[in-house]
Amino acid sequence: MVVGITSSIACGKSLVSNYLKQKNYKVIDSDLISHNVLLLKEVKEQLIKLFSNDIISNNEIDRKKLGSIIFNDKNKKELLSKTVFPYILNEIKNQINQYSNNKIIFLDAPLLIEYNILYLVNKDNGGKVLLMNTYKELFTTEVGINAYKTFFKIIQENNDGITFDLDINKYK
């Protein structure tokens, strides 16, 4: 079963993914994949053709420079996506196949819905899409220091917006 984890920025995907990794679940990290795709020679060459050598620092794609070029230009942002997304998707599929013997695989993909790749979450096999929401609660530690506890809530995507608990232990 593939379980997709998605949300907007700063909602706890990394927190949940790191927790799952610590519990020895397979987590496919699409952000890490996208960073690694920029290291591929063919991708680098394509991006230089599209955006010039100005995006290169230390013989690698400088993500900050690339970001400054595409940030306010919808067409350039779309060009970047069309160039790198096939490589990202291919690697996600490779990892799903690589881990196919696992009962459960988590796919941490912030743009799971936006990039229309929900089909990777095999719902026929019990797969789910989890939308993450987080909130923080201020508390005082035993020694009197203020700190934040981060909690996360997992919500199943459906028409009712029903909250559910995913018992991941039964998939080990």
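Conventions we followed
Residues numbered from 1 in each chain as written. Predicted model: local features only at pLDDT ≥ 70, side-chain atom pairs only at ≥ 80, totals over all residues. Heavy atoms only, no water. Phe/Tyr/Trp six-rings, centres within 6.5 Å; stacked < 30°, edge-to-face > 60°. Helix = DSSP H or I, 4+ residues; strand = E, 2+ residues; numbered from the N terminus. Buried < 20%, exposed > 50% of the residue type's maximum accessible area, 1.4 Å probe, protein only. 1 Å grid on protein atoms, 1.4 Å probe; cavity = no way out; pocket = protein on both sides within 12 Å on 5 of 7 lines; lining within 4 Å. Points joined across faces, edges and corners; volume = space filled by probe spheres on them. Nonpolar A, V, L, I, M, F, W, Y, C, P; charged D, E, K, R; others polar. Axes fitted to C-alpha atoms, helices over the stretch in contact; angles between N-to-C directions. Parallel < 35°, antiparallel > 145°, perpendicular 65-115°, else oblique. Left-handed = near helix turned anticlockwise from the far one by under 90°. Contact = heavy atoms within 4.5 Å. Salt bridge = Lys/Arg side-chain N within 4 Å of Asp/Glu carboxyl O. Core = buried A, V, L, I, M, F, W, Y, C linked by side-chain atoms within 4.5 Å. pLDDT = per-residue confidence, 0-100.

Regarding the packing of aromatic side chains
Point 1. If you walk through the whole model with that rule in mind, you get 1 aromatic pair.
Point 2. Taken together, a centroid distance of 5.7 Å and an interplanar angle of 85° make the contact between Tyr25 and Phe106 edge-to-face. Pair noted here: Tyr25 is in the loop between helix H1 (13–22) and strand E2 (26–29) and Phe106 is in strand E5 (residues 105–108), with a separation of 81 residues, a long-range link. Accessibility assignment for this pair places Tyr25 and Phe106 in one class, buried.

Points about the layout of surface pockets
Gaps left between atoms show up when a probe the size of a water molecule is rolled over them.
Point 1. Estimates place the volume of the second largest pocket at around 170 Å³.
Point 2. Val27, Asp29, Leu32, Ile33, Asn36, Val37, Leu40, Tyr87, Asn90, Glu91, Asn94 and Gln95 are the residues that line the second largest pocket.
Point 3. Here the lining of the second largest pocket takes 5 residues from helix H5 (residues 74–98), the largest share from any one element.
Point 4. By residue class, the composition of the lining of the second largest pocket is 6 nonpolar, 4 polar and 2 charged.

Comments concerning the pairing of strand E1 (residues 2–6)
Point 1. Most of E1 sits out of view: 5 of its 5 residues are buried.
Point 2. Burial along E1 is two-sided: the residues Val2, Gly4 and Thr6 and Val3 and Ile5 are all buried.

Side note on the packing of helix H3 (residues 41–51) against H5
Point 1. For the pair H3 and H5, interaxial distance at closest approach is 11 Å and the crossing angle is 165°. Classified by the angle their axes make, H3 and H5 are roughly antiparallel. In this structure, H3 meets H5 at a crossing whose hand is right-handed. Of the residues in H5, those touching H3 at Glu42, Val43, Gln46, Leu47, Leu50 and Phe51 are Lys76, Leu79, Leu80, Thr83, Val84 and Tyr87.

What about the pattern of salt bridges?
Point 1. Taken as a whole, this structure holds 1 salt bridge when the rule is applied.
Point 2. Among the salt bridges present, the one from Glu78 reaches Lys82, with a minimum N-O distance of 3.3 Å. Of this pair, Glu78 and Lys82 both sit in helix H5, separated by 4 residues, roughly a single helical turn.
Point 3. Glu78 gets classed as partly exposed once you look at its relative accessible area, which sits at 39%.

Considering the nonpolar core
In globular proteins that are soluble, nonpolar side chains generally tend to be buried together.
Point 1. Counting residues in each nonpolar core, the largest one holds 28 residues, and the members touching the most others are Ile28, Leu47, Leu66, Val84, Ile92 and Leu107.
Point 2. Looking at this core, the elements that each hand over two or more residues are helix H2 (30–37), H3, helix H4 (63–70), H5 and E5.
Point 3. In terms of residues, this core owes the most to one element, H5, which gives 7 residues.
Point 4. Ignoring anything within four residues of it in the chain, the contact list for Val84 reads Val37, Leu38, Val43 and Leu47.
Point 5. If you look at the next biggest cluster of nonpolar residues, it comprises 9 residues, including Leu20, Val27, Ile104 and Phe106.

Focus: the confidence of the model for the protein chain
Point 1. Chain-level pLDDT for the protein chain is 75 on average; 66% of the residues reach the 70-or-more range.
Point 2. Mean pLDDT across the elements of the protein chain bottoms out in strand E7 (residues 146–156) (41) and peaks in H3 (95).
Point 3. This model gives residues 133–142 a pLDDT under 50, and the stretch forms 31 contacts once residues within four places in sequence are excluded.
Point 4. With pLDDT under 50 throughout, residues 144–172 is counted as low confidence; its partners more than four residues away or in other chains account for 71 contacts.

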